[in-house]
Amino acid sequence: MREDEIVRRYVRSLTAVTALTLPTVCWAQATPDTASQDKPSQEIVVTAQKRSESLQDVPISINVVSGKALETAGVANITGITKLVPAVRFDNSGPYSQPTIRGVGSALAGPGLSPNVATYIDGFYQANPISNNSDLMDVTSIQVLKGPQGTLFGRNATGGAIVITTEEPSQDFSLKGNFSYGRFNQARAGLLVSGGLSDNLTASLGMNYRHDDGFVTNLVTGNKDSKSDRFTARAKLVFTPTDTTKFTLIGKVEEIDDPSAYSMSAYQGETTGVLFPDTIIATRRGEISNDVPGVNRVHSQFLGLKSEFDLGGVSLTSLTGWRRDRARENYDIDASSAPVLAAFWNQNDDVFTQEFNLNSDPSSKLQWVVGANYFYNKSDNPNFAIATGGSGLIPTFFSRVYTHSLAFFADATYPVLPNLYLTIGGRYSHDYIREAFGTAPSFTEDGATDERDAFKPRGVLRYEFAPRTNVYFSVSQGNKAAVFNANGQDKNVVKPENITAYELGFKTASGSWNFETAGFYYDYKDLQVASFVGTATRVLNAANARIYGFEAHASGALNDHFRIDLGAAYVDGQYRNFEKATRYTYGPTTGVVVSAGDASGNVMQRTPKFSGNAMLTYDTPLADGNLELSGSVTYQSKIYFDFFEDTKQNGYALVDLRAAWTAPSEAWTIAVYGRNITDQTYLSSVLANAVSIAQLYGQPATYGAELQFRF
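Residues numbered from 1 in each chain as written. Predicted model: local features only at pLDDT ≥ 70, side-chain atom pairs only at ≥ 80, totals over all residues. Heavy atoms only, no water.

It is worth spelling out the overall build of the chain at this point. Per the secondary structure count, the chain includes three helices and 41 strands. Taking 711 residues into account, the globule formula puts the C-alpha radius of gyration at 27 Å, and the chain, at 25 Å, falls close to it. Along the three orthogonal principal directions, the C-alpha set of the chain runs to about 75 × 70 × 50 Å. Sequence separation of at least 24 residues holds for 66% of the intrachain contacts in the chain that already meet a minimum separation of 6. Accessible surface for the chain amounts to roughly 27,800 Å². Of this, 57% is attributable to carbon and sulfur atoms. In the chain, 60 side chains carry a positive charge and 72 a negative one; their mean positions are 3 Å apart. (Helix = DSSP H or I, 4+ residues; strand = E, 2+ residues; numbered from the N terminus. Rg over C-alpha atoms; globule rule 2.2 N^0.38 Å. Contact = heavy atoms within 4.5 Å. Areas by Shrake-Rupley, 256 points an atom, 1.4 Å probe, with all protein chains shown as cover. Lys, Arg positive; Asp, Glu negative; His and termini not counted. Charge placed at Lys NZ, Arg CZ, Asp CG, Glu CD.)

Bringing unusual backbone geometry into the picture now. Backbone torsion omega between alanine 440 and proline 441 reads 5 degrees, so that peptide bond is classified as cis. Among the secondary structure elements, proline 441 is positioned in the loop between β24 (420-439) and β25 (446-466). At phenylalanine 184, a position not held by glycine, the phi torsion is positive, near 65 degrees. Following the sequence through the fold, phenylalanine 184 ends up in the loop between β11 (174-182) and β12 (186-198). In this model, alanine 623 sits at a positive phi of 50 degrees, which is unusual for a non-glycine residue. Along the chain, the position of alanine 623 falls in the loop between β33 (610-622) and β34 (625-636).

Bringing the pairing of β11 into the picture now. Pairing of β11 with β12, which is carried by nine bridges, proceeds in the antiparallel orientation. Across the sheet, serine 174 pairs through a bridge with serine 194, a residue of β12. Remark: three residues form the turn of the hairpin made by β11 and β12, two consecutive strands paired antiparallel; phenylalanine 184 in that turn has positive phi of roughly 65 degrees. Sheet topology places β11 next to strand β41 (residues 702-710); seven bridges connect them, and they run antiparallel. Note on β41: the bridge partner recorded for glycine 182 is glycine 704. (Pairing = 2+ DSSP bridges.)

Glancing now at the nonpolar core. Met264, Tyr331, Ile333, Leu341, Trp345 and Phe384 are the most contacted members of the largest nonpolar core, which totals 23 residues. Contributing elements (two or more residues each) for this core: β20 (314-332), β21 (342-360), β22 (367-387) and β40 (692-697). One finds Ala87, Val104, Ile499 and Tyr575 within the second-largest nonpolar core, a separate group that totals 22 residues. (Core = buried A, V, L, I, M, F, W, Y, C linked by side-chain atoms within 4.5 Å. Buried < 20%, exposed > 50% of the residue type's maximum accessible area, 1.4 Å probe, protein only.)

Among the structural elements, glycine 389 can be located in the loop between β22 and β23 (394-417). A residue is classified by how much of its surface remains accessible, and glycine 389, at 57% relative accessible area, is exposed. A sequence separation of 51 residues divides glycine 389 from alanine 338, and the C-alpha atoms of the two residues are 8.2 Å apart. Contacts of glycine 389, omitting those with residues within four sequence positions, involve Pro339 and Val340.

The subject of this paragraph is the packing of aromatic side chains. Considering all chains together, one arrives at 23 aromatic pairs under this definition. Taking 4.9 Å as the distance between ring centres and 65 degrees as the angle between the ring planes, the aromatic pair formed by phenylalanine 578 and phenylalanine 643 counts as edge-to-face. Pair noted here: phenylalanine 578 is in the loop between β30 (562-576) and β31 (581-587) and phenylalanine 643 is in the loop between β35 (639-640) and β36 (648-649), with a separation of 65 residues, a long-range link. Like phenylalanine 643, phenylalanine 578 is buried. Grouped by ring-pair contacts, the aromatic residues Tyr262, Tyr331, Trp345, Phe384 and Phe397 constitute a single cluster. (Phe/Tyr/Trp six-rings, centres within 6.5 Å; stacked < 30°, edge-to-face > 60°.)

A few words on the pattern of salt bridges. A side chain with one charge may pair with a side chain of the opposite charge, provided their charged atoms come close. Evaluated as defined, the whole model comprises 34 salt bridges. With a closest N to O distance of 3.0 Å, lysine 83 and aspartate 656 form a salt bridge. Residue lysine 83 is located in the loop between α2 (67-73) and β4 (88-93), and its partner aspartate 656 is located in strand β37 (residues 652-662); the two are separated by 573 residues in the primary sequence. In the salt-bridge network here, residues are joined through shared partners; they are Lys68, Glu71, Glu628, Arg658 and Glu706. (Salt bridge = Lys/Arg side-chain N within 4 Å of Asp/Glu carboxyl O.)

Next comes the structure, spelled out in structure tokens:
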């Protein structure tokens, strides 16, 4: 079936749903805004169930990080939330961002291979992992939803979802900016201007620039090969023609030139480059020995329209999004000075999404949401080439994947008994995927298609002991959609991952204090796992797993000056029935050797058993202004980076400090900071392939100063 015919078919389905709801806009009448009335002074509001609710009333394990907390912790991009949220990791396969929540993550990279933790910014799904590690701008909150979110967030939310909300334009004129400079020539500048253009039209424009010389020197060239530059600009326009209608138009562009993810050295010297004479093999932090410099250049564009209608008892929200990413990549795969193997490719991604949500009146006894979602993605590697043995570029293949997904979902909560609430939801989805590939020398196009349906339900019981105190038990399912491994020229479809989660949780709040805890058990089947043979990615359903654990979070004010935030998680993840796992072993006379073995019973990769974080903040008046001192500690226990527990990082802790003084007028703030002040040496990722076992170090101690202003 041709792509245009498929698009028309899905659009007709969405149009039919829209036709049932949109005409009622003409008769929409204003209703009181009850969502913001009578809220406790310290209440945290979340949107995990597609509506605004108190954190304590939502029967999902959620960590909420405020914009202020991100600022205090010095979090510049999404990966930095690991400082503030336990049981969350961000790994990378080169520039491909790969989040893991409670042991559920993905090591897949290539066309059409999305993570299984879904990221949303202002309600719009971010499908492409190569551009997901973008800088954070003007963020008001980040919600980390743990456990499968298949009903409301759909495809590829097996492990959870990360929901990012940014500032809306204000009617009053405002100007905010920040400048910082630190070790390794880390410089950052940001600016946000906002204001009203008329009584019913507001706008904002934000820009952010970041430069970093990096801490890595290439022993082959003597150059700083991990210098990076990032620029992001986002504009928002909010139009409210009536009291019952609101349109938000968002535009964003991003330019990334950041090869740091390719600044990898050989783990314990393990590279096939050892077989070449006079090879330089770097292993220490701050050193690499690549004969081909890494390249990661990404140009991204995004345009989104959020339309909101109050229909007099129900509300309708439409989210229409378009995204275009263009990336160029170079990678020295053998992590040595020897000309063993390097890869060069472009990746192009085009995404279109359309979602409709129809919500009940927030004051009604039965709370519900129904919706429809359409997702289209064209992901393309048009020209993959290699260099080996000192050769020039050798074209090897092209690959392309088309994905169409149409879904309908519903979720409802009702008090079946006094203080006892039952939630039932489900999501039906229909996916169509098509791959195309061609190999040298003829590059004749070949490929395959797959089409399948899925239904993922959830059920929850929540009992309210008192206002802001609840206990809940949930059973939910999620899946990571089926994929093709077009880069591996494989016409066999990789079946969907499926997970069934059981969770028992408790939440309470009093004044400024919030406390949440949860225990969970996951039955995880048909894991999509990746291995690398030469330049080809091998993807298959090779494992089942079980994961269980518990976590807790508490935050609040100790007194008028001290505030504390504590989080801890224990996760036990183990592979079951993993008999054909890929293993990489090394010998000084053989280099890296690829074999297969039984990994059943082994610890799941990238899953520390214990992780935790603590932040203490102290503020006090000083010189007519306000002094704020903060310190944070992040800890994780030992993790393994592979299926056989051959590569690992032992437990370690990172300590950050910050001191900030705000002027009496609150118009400006000066601050000094130190990050990883104990200069802990640790590995942030290890990637094995057919010619090397490559490692990437985390950043050493850094320090600097910043200036903020606001008018």
